[in-house]
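# Chains, contacts and geometry: an overview
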Amino acid sequence: AWVESRDLYDRARVLFEAIGDRSQESVSKFNIAEILSDQGHYAEAEALLREAIRVWRASGAETDVAEGRRELGKSVGRRGDIDTALALLADARVTQASHNLPAEVLATDTRTAEVLTIAGRSTEALALADDAFGRVDATDGGSIVVPTLHRVRGWVRLQRGEPIAARESFSVALDLARSRGDAYQAAQALTGLVAGGQLEGGDVSSLDEELRGIKDRLGIVAMPVISLTEAAAVVPEGDRGT
């Protein structure tokens, strides 16, 4: 559970700070930021990530900096700053490719596709997702990005007015998330299914109830939901600028 995980990371951060191990302290900050970003506390997550990136950059840890930039790009993109997000993700990819890290490149491309859907750039998002799918089997650990890639396809299909095809993509993502016990991925897929079901005029009450249960359990205050009319991230007013 995220509550327990964050408590452990916080304890580790305090310990590493006390002994002066800035590198490991930064790892703890990164781990905390991942949770905060997924919960929708974007500003808090980004502050921690920028601190970690500064330390890693000063120590010459290029691949750690790239990972930090990818996570920062994900968070920035989810709150709607698309240009900054894409620039961060592109910088991360260049470093990862130069160090011959195909799994990291695949993960970064997947995050980029996700940001492109938030931007409403469905053609680019689909092309990148399809390309990433083609590299999954040849990449060690590549299967970890598959649920996200299916969600990207789902949102693209909703943006194109194809709710039935979108439902198929979101359902695959949900099945994968459930099989892996990944509650956050399940919440992401359910968000898409609820949005698509509402467009179709169907009964989404059971899906919405499951989604609300997961959000309550994980402490999620905002989800990177696509506005199909304006292609903007939905962020509750009370969470902006936190």
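My aim in this report is to walk through the structure given alongside it, one point at a time. It should be emphasised that the depicted structure is a prediction, and the values quoted were computed from it without experimental measurement.

## Some remarks on the overall build of the chain
Within the chain, the regular secondary structure consists of 11 helices and zero strands. Each helix and strand of the chain, placed in order from N terminus to C terminus, yields the pattern α-α-α-α-α-α-α-α-α-α-α. By the compact-globule yardstick of 18 Å for 242 residues, the chain fits well, its C-alpha radius of gyration being 18 Å. On the principal axes, the C-alpha backbone points of the chain span a range of 55 × 35 × 35 Å. Burial statistics for the chain: of 242 residues in total, 48% are counted as buried. In the chain, of all internal contacts separated by at least 6 residues, the share reaching a separation of at least 24 is 59%. Taken as a whole, the chain presents about 11300 Å² of accessible surface, with 49% of it coming from carbon and sulfur. Charge separation in the chain, taken as the distance between the mean sites of 28 positive and 39 negative side-chain charges, equals 2 Å.

## Regarding the pattern of salt bridges
Opposite charge on two side chains lets them pair, provided their charged atoms get close. In this structure the tally under the stated criterion is 22 salt bridges. Ionic pairing is found between Glu114 and Arg111, a salt bridge with its closest N-O pair at 3.3 Å. Placement of the pair is Glu114 and Arg111 together in helix α6 (residues 102-118), with a separation of three residues, close to one helical turn. Accessibility expressed as a relative area gives 4% for Glu114, which makes it buried. It is possible to trace a salt-bridge network through shared partners that takes in Asp38, Glu71, Lys74, Arg78, Arg111, Glu114 and Arg151.

## Observations regarding the layout of surface pockets
The volume enclosed by the largest pocket comes to roughly 780 Å³. What lines the largest pocket is a set of 33 residues, among which Glu34, Glu71, Arg111, Ile144 and Gln185 lie closest to the centre. Here the lining of the largest pocket takes six residues from α6, the largest share from any one element. Residues of the lining of the largest pocket, tallied by class, amount to 11 nonpolar, nine polar and 13 charged.

## Examining helix α2 (residues 22-39)
Here α2 spans 25 Å end to end across 18 residues, near enough to the 26 Å set by a 1.5 Å rise per residue. Burial of α2 is extensive: 13 of the 18 residues sit out of reach of the surface. One or two steps after α2, the chain reaches Gly40, where phi turns positive at roughly 100 degrees.

## Concerning empty space enclosed by the protein
Overall, the coordinates contain one cavity of 30 Å³ or more when judged by the stated rule. Empty space within the largest cavity amounts to approximately 50 Å³. Lining the largest cavity, in full, are Glu114, Thr117, Ile118, Arg151, Val152, Trp155, Pro224 and Ile226. Of all the secondary structure elements, the ones that give two or more residues to the lining of the largest cavity are α6 and α8 (146-159). When the residues that make up the lining of the largest cavity are grouped by side-chain class, the tally is five nonpolar, one polar and two charged.

## With respect to a positive patch on the surface
A contiguous patch of positive charge on the surface is contributed by Arg22, Arg50, Arg54 and Arg57. Here Arg57 falls in the partly exposed class, since its relative accessible area comes to 46%.

## Details of the side chain of Thr139
Structurally, Thr139 is set in the loop between α7 (122-136) and α8. Polar contacts involving the side chain of Thr139 include one to the main-chain carbonyl oxygen of Arg135, which spans 2.6 Å. Those residues in contact with Thr139 that sit more than four places away from it in its chain are Pro102, Ala103 and Leu106.

## Comments concerning the environment of Arg78
By the secondary structure assignment, Arg78 is in helix α4 (residues 62-78). Judged by relative accessible area, Arg78 falls into the buried class, the value being 1%. For the pair Arg78 and Glu62, spaced 16 residues apart in sequence, the C-alpha to C-alpha distance is 24 Å.

## A word on the packing of aromatic side chains
Throughout the structure, instances matching the rule amount to three aromatic pairs. Their ring planes at 75 degrees and their centres at 5.2 Å tell us that Trp155 and Phe170 sit as a pair that is edge-to-face. Taken together, the residues span a long stretch of sequence, with Trp155 in helix α8 and Phe170 in helix α9 (residues 163-180) at a distance of 15 residues. Summarising the burial analysis for this pair, Trp155 and Phe170 share the class buried.

Procedures and definitions
Residues numbered from 1 in each chain as written. Predicted model: local features only at pLDDT ≥ 70, side-chain atom pairs only at ≥ 80, totals over all residues. Heavy atoms only, no water. Helix = DSSP H or I, 4+ residues; strand = E, 2+ residues; numbered from the N terminus. Rg over C-alpha atoms; globule rule 2.2 N^0.38 Å. Buried < 20%, exposed > 50% of the residue type's maximum accessible area, 1.4 Å probe, protein only. Contact = heavy atoms within 4.5 Å. Areas by Shrake-Rupley, 256 points an atom, 1.4 Å probe, with all protein chains shown as cover. Lys, Arg positive; Asp, Glu negative; His and termini not counted. Charge placed at Lys NZ, Arg CZ, Asp CG, Glu CD. Salt bridge = Lys/Arg side-chain N within 4 Å of Asp/Glu carboxyl O. 1 Å grid on protein atoms, 1.4 Å probe; cavity = no way out; pocket = protein on both sides within 12 Å on 5 of 7 lines; lining within 4 Å. Points joined across faces, edges and corners; volume = space filled by probe spheres on them. Nonpolar A, V, L, I, M, F, W, Y, C, P; charged D, E, K, R; others polar. Expected span 1.5 Å × (residues − 1). Patch = residues over 30% accessible without salt bridge, like charges linked within 9 Å, V, L, I, M, F, W, Y side chains within 5 Å. Polar contact = N/O pair within 3.5 Å; in protein donor to acceptor, adjacent residues only side chain to side chain. Phe/Tyr/Trp six-rings, centres within 6.5 Å; stacked < 30°, edge-to-face > 60°.

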